[in-house]
Amino acid sequence: MEENIVSLKDYFILVAATIAATASVASIFVNFYLTTRKERENKLWEKELERFLVLEEKVGVLVENLMSFRCREDTEKYYEMQQYLASAIGRFRRYPNVLQSLRILQNEAGWYFRQDMKHETKEDYNEASSNLEESYQKFLKACDAVLK
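A quick note: this is a predicted structure, and the numbers were derived from the prediction, not measured.

*Asks:* Just checking my understanding: could you explain the pattern of salt bridges for this structure?
*Replies:* Side chains bearing opposite charge may pair, as long as their charged atoms lie close to each other. Applying the stated rule across the entire model yields 3 salt bridges. Between R51 and E48 there is a salt bridge whose closest N-O contact spans 2.8 Å. Here R51 pairs with E48, and both are found in helix α1 (residues 2-67), just 3 residues apart, close to one helical turn. The residue K138 makes a salt bridge to E134 at a minimum N-O spacing of 3.5 Å. On the criterion of helical spacing, the pair formed by K138 and E134 is a turn pair, its members being 4 residues apart in helix α4 (residues 122-147).

Here's what the structure looks like:
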């Protein structure tokens, strides 16, 4: 009888060790999966953040060049920046507010560039400048809302 108790005891110890080992291996796999997934999400977000920073920088340069009349001297650079804006609109379609603000900003920048030096009064110029600045501020707010 005592041998049966000892063998039963050994059996329970073996079962407990097997359960513990299985749980440990399962824990390692789950931890690996969660860590890998989190690292992937972080890398994707870092790339997305970098894309936003580049976009904000280029849009800021475009608006500043327009407002300071630098585009008069280098129209090729202006067209290059407008081309970038057009492609950026496609790249940022997943963010509706950013997309809409980019479209408005592109239209305002194009109108401002085409109407440069054609303003009949100072009020026309001030209106064009304020529209461009307002669309730029809306764009920044849309980007900030996504990046929060």
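*Asks:* Please explain the side chain of Q106 as it appears in this structure.
*Replies:* Tracing the chain through its elements places Q106 in helix α3 (residues 96-115). When near neighbours in sequence (up to four residues on either side) are disregarded, Q106 contacts Q82, L85, A86 and I89.

*Asks:* It is not clear to me how the packing of helix α2 (residues 75-91) against α3 should be interpreted in this structure. Could you clarify?
*Replies:* Packed helix pairs are characterised by how far apart their axes lie and by the angle those axes make with each other. Packing of α2 against α3 brings their axes to within 10 Å, and their N-to-C directions diverge by 160°. Looking at the two axes, α2 sits roughly antiparallel to α3. Along this stretch, α2 crosses α3, giving a crossing that reads as left-handed. Contacts between α2 and α3 involve T75, Y78, Y79, Q82, L85, A86, A88 and I89 from the first element and L99, L102, R103, Q106, A109, G110 and F113 from the second. Each residue belonging to the contact of α2 with α3 can be placed in one class, and the counts come to 10 nonpolar, 4 polar and 1 charged.

*Asks:* Can you help me understand the confidence of the model for the protein chain in this one?
*Replies:* Per-residue confidence for the protein chain gives a mean pLDDT of 86; residues scoring 70 or more make up 94%. Within the protein chain, the element-level pLDDT minimum falls on α1, averaging 86, and the maximum on α3, averaging 90.

*Asks:* What am I meant to see in α3 here?
*Replies:* Owing to its 3.6 residues per turn, the α-helix aligns residues three or four sequence positions apart on the same side. With 20 residues, α3 extends 28 Å between its outermost C-alpha atoms, agreeing within 8% with the 28 Å of an ideal straight helix rising 1.5 Å per residue. By the burial criterion, the buried members of α3 are V98, L99, S101, L102, L105, Q106, A109, G110, Y112 and F113. Taken end-on, α3 shows its buried residues confined to a sector of 165°, consistent with a single buried face. What points out from α3, more than 90 degrees from its buried face, is the exposed set P96, N97 and N107.

*Asks:* I keep staring at α4 and nothing clicks. Help me out?
*Replies:* Relative to the 38 Å expected for 26 residues at 1.5 Å per residue, α4 spans 37 Å between its end C-alpha atoms, a close match to the ideal helical length. Residues A128, S129, L132, S135, Y136, F139, L140, A142 and C143 constitute the buried set of α4.

*Asks:* Can you walk me through the environment of L44 in this structure?
*Replies:* When you line up the elements, L44 lands in helix α1. Sequence separation between L44 and Q106 is 62 residues, and the spatial gap between their C-alpha atoms is 27 Å.

*Asks:* It is not clear to me how the packing of aromatic side chains should be interpreted in this structure. Could you clarify?
*Replies:* What characterises a pair of aromatic rings is the spacing of the ring centres plus the angle enclosed by the ring planes. Scanning the entire structure with this criterion turns up 7 aromatic pairs. For the ring pair Y78 and F113, a centre distance of 3.8 Å and an interplane angle of 15° mean the geometry is stacked. Highlighted residues: Y78 in helix α2 and F113 in helix α3, separated in sequence by 35 residues. Both residues of the pair, Y78 and F113, count as buried. Arranged with centres 5.7 Å apart and planes meeting at 80°, the rings of Y79 and F113 form a pair that is edge-to-face. Here Y79, found in helix α2, pairs with F113, found in helix α3; they are 34 residues apart in sequence, far enough to count as distant. Taken together, the ring pairs in this structure connect F52, F92 and Y95 into an aromatic cluster. In this arrangement the basic side chain of R51 is found over the ring face of F92, its NZ or CZ atom lying 4.6 Å from the centre.

What counts and what doesn't
- Residues numbered from 1 in each chain as written.
- Predicted model: local features only at pLDDT ≥ 70, side-chain atom pairs only at ≥ 80, totals over all residues.
- Heavy atoms only, no water.
- Salt bridge = Lys/Arg side-chain N within 4 Å of Asp/Glu carboxyl O.
- Helix = DSSP H or I, 4+ residues; strand = E, 2+ residues; numbered from the N terminus.
- Contact = heavy atoms within 4.5 Å.
- Axes fitted to C-alpha atoms, helices over the stretch in contact; angles between N-to-C directions.
- Parallel < 35°, antiparallel > 145°, perpendicular 65-115°, else oblique.
- Left-handed = near helix turned anticlockwise from the far one by under 90°.
- Nonpolar A, V, L, I, M, F, W, Y, C, P; charged D, E, K, R; others polar.
- pLDDT = per-residue confidence, 0-100.
- Expected span 1.5 Å × (residues − 1).
- Buried < 20%, exposed > 50% of the residue type's maximum accessible area, 1.4 Å probe, protein only.
- Arc of directions from axis to C-beta.
- Phe/Tyr/Trp six-rings, centres within 6.5 Å; stacked < 30°, edge-to-face > 60°.
- Lys NZ or Arg CZ within 6 Å of the ring centre and 35° of its normal.

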